Amino acid sequence: MGLLETIRTPKDLATLGTLELEQLAGEIRSFLITNVAQTGGHLGPNLGVVELTMAIHRIFESPRDSIVFDTGHQSYVHKLLTGRQDFSTLRQEGGLSGYPDRGESEHDIVESSHASSSLSWADGISRARQLTGEEDRYVVAVVGDGALTGGMAWEAINNIAADKRRRVVIVVNDNGRSYAPTVGGLADYLASLRPTIDSFRATPAYEVALDRWKKRLQNGGPLGQFTYRSLHAMKKGIKDWWAPQGMFEDLGMKYIGPVDGHNLQALENALTTARHYGGPVIVHAMTEKGHGYAPARAHEDDQFHAVGVIDPETGEPTASPGAQSWTSVFAEEIADIADERKDIVGITGAMLIPVGLHKFAARHPERVFDVGIAEQHALTSAAGMAFGGLHPVVAVYATFLNRAFDQLLMDVALHRAGVTIVLDRAGVTGPDGASHHGMWDMAMVQIVPGLHLAAPRDATRLREELREAVAIGDAPSVVRFSRGSVGKEVEAIERLSDGVDVLARRPEGSTENDVLIVSVGAMSELALDVAARLGSQGISSTVVDPRWVLPVRKSIIALAARHRLVVCIEDGVRAGGVGSRIRQEMRAAGVDTALNEVGLPVEFLAHGTRSQVLERVGLTAQQITHDIVAQVLGTKVPFARPLPGQAHPTTGSLPTL
Ligand SMILES: Cc1ncc(C[n+]2csc(CCOP(=O)(O)OP(=O)(O)O)c2C)c(N)n1
Ligand SMILES: CC(=O)[C@@H](O)[C@H](O)COP(=O)(O)O
Ligand SMILES: [Mg+2]
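Residues numbered from 1 in each chain as written. Chains lettered and ligands numbered in written order. Predicted model: local features only at pLDDT ≥ 70, side-chain atom pairs only at ≥ 80, totals over all residues. Heavy atoms only, no water.

A.B. asks: Please clarify how the sheet that holds strand S4 (residues 254-260) should be interpreted in this entry.
C.D. replies: In any sheet, the strands associate via hydrogen bonds between backbone groups, in a parallel or an antiparallel arrangement. Judged by pairing direction, the sheet is parallel, and its five strands sit side by side in the order S1-S2-S3-S5-S4 without closing on themselves. The open sheet terminates on both sides in strands that have one partner only, identified here as strand S1 (66-69) and S4. Ignoring which end each strand starts from, the neighbouring axes of this sheet average 20 degrees apart. Across four bridges, S1 lies against strand S2 (residues 139-144) in parallel orientation. By the bridge assignment for S2, Val68 is matched with Ala141. (Pairing = 2+ DSSP bridges. Helix = DSSP H or I, 4+ residues; strand = E, 2+ residues; numbered from the N terminus. Axes fitted to C-alpha atoms, helices over the stretch in contact; angles between N-to-C directions.)

In C-alpha cells form, the structure reads like this:
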C-alpha cells in the first residue's frame, strides 16, 4: 500500500516527514499519469500543481480555510487529498467532475470553469469572514498566470489590496502559459521576477525592524539622514535593476516569491510566511505544466493542457483521429479567407489552436492577436479594429461569449461594427460539465439589435456561412458550431429565395402538411430522422434549415402559415432561443400556428458525453417524435387546422382543406 491511499483528509498530511512527502508527490504524479491517460482530462495543469497543492493543504486548514481554484481544471490533486481517489469515472456521466464540485466535497467551492474569477470569490468570502466575526479564517486563491490576464482578476486585486486586514493569500501558479506561452505585459513582468528573490522581506519582524531602523536613521541628525537616503536610493536601485519593484507591492499587496513551485520546503516556507503576515499577500510560485512527465514537457503546443485517452508511456493518443472536426474546417477556411482579404484579422483569448486560428496565424502572424483570457477586451478591441477599417474575426468557445455580452451589445452592435464572432463548442459540449456547454449563446444574441446569427449544419455550410458573415460590414455576425467531429453533409433539395434550405418535403401526393420542422445547425440529421419517424406514423412534414437563424427569414413565417405545427429543434436553451424568436415573428405576422421550442432546458447540465447529455434532456429523435405524435394525434393542443377527416378539437366541425 502506498502513502496516497493513507491520505483520507488533508489532516493526514501533517504527520508526514520530508522523505514521505517527496514519496507522496511521486505517487500522486504516477497516479495522475496512469489514470488521466485512461479517461482523458487536464493532465498537464495537474502535474504542475502537485507540490503546490500539497503545501497549501499542509499550511492551511480546509475547509475551515477556503481554498479556491481559478478555472478549476487543476484541482485533481486537491481531490486526491480530500478523499476522492477513484478517478476511473473522471468527467464521465455520474462520475467525478473534472472541476471542483460542492456535491462531491465540503472542500470544494467554485465549480465554474470560467477563468479569472477566483480572486473575486476570495474578496467576497474574506469580506464575509470579516463581517461574521470569522476574520481569522483564511481564503487561499490559486490563480494561473493565464487567468491573471483576465480583467476580473485585477478588479478583485484592487478591492483586496485596499484592506490590509484581509486574510487573503493569492497563490499565483505561474507556469508561463495558458495553452501556449502567456502573452502580455504582466506575463513578461512575472517572468522577470523569476530570478530568485528571498521571501524574508514579508515577515512582520522584518517590517518592524526595518521601520525602527529607518526612524533611527531619519532622526539621527544630518549623518543619519544622509545614510538613510543613500541606503534607500541603493535599495531602490537594486530592486529596479535586479528585482523590479513589484507591481503587486505598488498595489499594496505584499509579494512573496518567486518560489520554486516544485520545492515543497520552499513552498511551505513561503506559505507559512504568508499565513503569518495576516493581510493580503501574493505568493508567486514558478511551476511547470506537465512537470515530471517527459511527453507533456515535450508537447510544445500546450504541454498536455487537456488530453484525450493516451498511451501513458508515450503520451500518444490511443484512438485514431476521427472525422474532420468543426474547428479544423473553420481553421482552413478562415486562413483561405485571410489570404484573399487583407482587412481580415483574427482575435483569440489565449486559445489560438483550440479555436482554430493557428493556420491563419501561421500564414499571417501580423494579423492574428492573442489578447489573453480577456474576451471582454477582445470584443471591444474588435469594435475598434472595425472602426479602423479592419474586419475582425473573434474566435471563442460559445460559453465564454457569456462574459462579453455587454461588449457585444454596446461596443460592437450599437456602433454597427462589422465584426464576426465565431463560436466553437456551441451547444452541449459534454465532459467539461455545466459551465462549458455553449448553450446560452443563441438566446443571448437574439436580443442584440441588428445581429446576424448563422448555425451551419455541416462543413460545406460552415465554409459558406463564414464567407457570408465576413461580408457583413455594418453589424455583428455570429457563426456557431458544435464541439468535435463535423456531421455528414446534408444537401438541400431546394434553396428558397431568402437562403433557407429545404431538406425534406412532404411525400408526393400527400394532402396534409402537418409539421414544419425548423432545424438549427447541427440538428439537421436529428430533424430528418424525426421527419422519417413521423412519416411512418402518417404524419407528413417539411424540414428546413434556415442557415441564418437571425434575423428570422420570411419564408420560415410563410411556411409556418401552411402547417399545423412548427417544431424548432436547437442545441441551445429553448427559453428565448431561435424557436422563441420565430414564435414572436409569427405572431407579429398574424400567423397563429402552434410552435414547439425543442431544445435544452434552462438548467445547469452535469457532465457526460455529448450524446448522453442530449439523451438526458430528451433531445433525441425518439423523444421528439413521441411528443409530436402525442400532440398531433392526441390533439393535446388545438391547432390552427385539424387533420383531414378529424373534427376540430374545439369547434367539432369537419375541416375543408
Ligand atoms: C473566460 C475563460 N476563457 C477561456 C477559458 C479556456 N481556458 C481554460 S484553461 C485556460 C488556460 C488557463 O491558463 P492558466 O490560468 O495559466 O492555468 P494553467 O492551465 O496554466 O494552470 C483557458 C484559456 C476559460 N476557462 N475561461
Ligand atoms: C478548462 C477549459 O476551459 C478548457 O481547457 C477545456 O477543458 C477544453 O475543452 P475542449 O476539450 O472542448 O477543448
Ligand atoms: Mg498557466
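A.B. asks: Would you mind going over the coordination of the magnesium ion (ligand 3) with me for this structure?
C.D. replies: Reference geometry at the metal: tetrahedral coordination by four donors gives ideal angles of 109.5 degrees; octahedral coordination by six donors gives 90 or 180 degrees. Asp145 (OD), Asn175 (OD1) and Arg177 (O) make up the full set of protein donors to the magnesium ion (ligand 3), lying at 2.0 to 2.3 Å. Read in sequence order, the donor residues for the magnesium ion (ligand 3) give the motif D-x29-N-x1-R. Taken as a pair, Asp145 in the loop between S2 and helix H6 (151-161) and Arg177 in the loop between strand S3 (168-174) and helix H7 (185-192) lie far apart in primary sequence, 32 residues in all. One exposure class covers both Asp145 and Arg177, and it is buried. (Donors = N, O, S within 2.8 Å, 3.2 Å for Na, K, Ca; no water. Buried < 20%, exposed > 50% of the residue type's maximum accessible area, 1.4 Å probe, protein only.)

A.B. asks: Just to check I follow, could you spell out the site of ligand 2 for this structure?
C.D. replies: Around ligand 2 sit His42, Tyr99, Tyr179, His305, Tyr397, Phe400, Arg425, Asp432, His436 and Arg483, and those are all the residues in its vicinity. Contact between ligand 2 and His436: an oxygen atom at 2.9 Å from a side-chain N or O atom of the residue. In isolation ligand 2 has 360 Å² of accessible area, and contact with the protein removes 89% of it. The residue makeup of the shell around ligand 2 includes at least three contributed by each of domain 1 (3-218 + 248-298) and domain 2 (326-480). (Near = heavy atom within 4 Å. Polar contact = N/O pair within 3.5 Å; in protein donor to acceptor, adjacent residues only side chain to side chain. Areas by Shrake-Rupley, 256 points an atom, 1.4 Å probe, with all protein chains shown as cover. Domains from an automatic or database assignment.)

A.B. asks: Which parts of the structure should I look at to understand the pattern of salt bridges?
C.D. replies: In a structure, side chains of opposite charge can pair up when their charged atoms sit close to one another. Inspection of every chain in the model, using the stated rule, returns 43 salt bridges. Between Arg363 and Asp336 there is a salt bridge, and its shortest N-O distance comes to 3.1 Å. Here the residue Arg363 occupies a position in helix H14 (residues 358-363), and Asp336 occupies one in helix H13 (residues 326-340), the gap between them amounting to 27 residues. Residues participating in the shared-partner salt-bridge network are Arg457, Asp458, Arg461, Glu464, Glu465, Glu468, Glu489, Glu491, Arg495, Asp501, Asp545 and Arg547. (Salt bridge = Lys/Arg side-chain N within 4 Å of Asp/Glu carboxyl O.)

A.B. asks: For this particular structure, what's the right way to read the packing of aromatic side chains?
C.D. replies: Here the distance between the centres and the angle between the planes together describe a pair of aromatic rings. For the coordinates displayed, the defined rule picks out eight aromatic pairs. Between Trp326 and Phe481 the ring centres are 5.9 Å apart and the planes differ by 10 degrees, which places this aromatic pair in the stacked class. Placement of Trp326 in helix H13 and of Phe481 in the loop between strand S11 (477-480) and strand S12 (494-495) is noted, with a sequence separation of 155 residues between them. Judged by centre distance (6.2 Å) and plane angle (40 degrees), the rings of Phe330 and Phe481 are tilted. You can see Phe330 sitting in helix H13 and its partner Phe481 sitting in the loop between S11 and S12, a full 151 residues away along the chain. Summarising the burial analysis for this pair, Phe330 and Phe481 share the class buried. An aromatic cluster is present here, built from Phe31, Tyr76 and Phe87 joined pairwise through their rings. (Phe/Tyr/Trp six-rings, centres within 6.5 Å; stacked < 30°, edge-to-face > 60°.)

Such coordinate-based values are descriptive only and should not be taken to indicate function.
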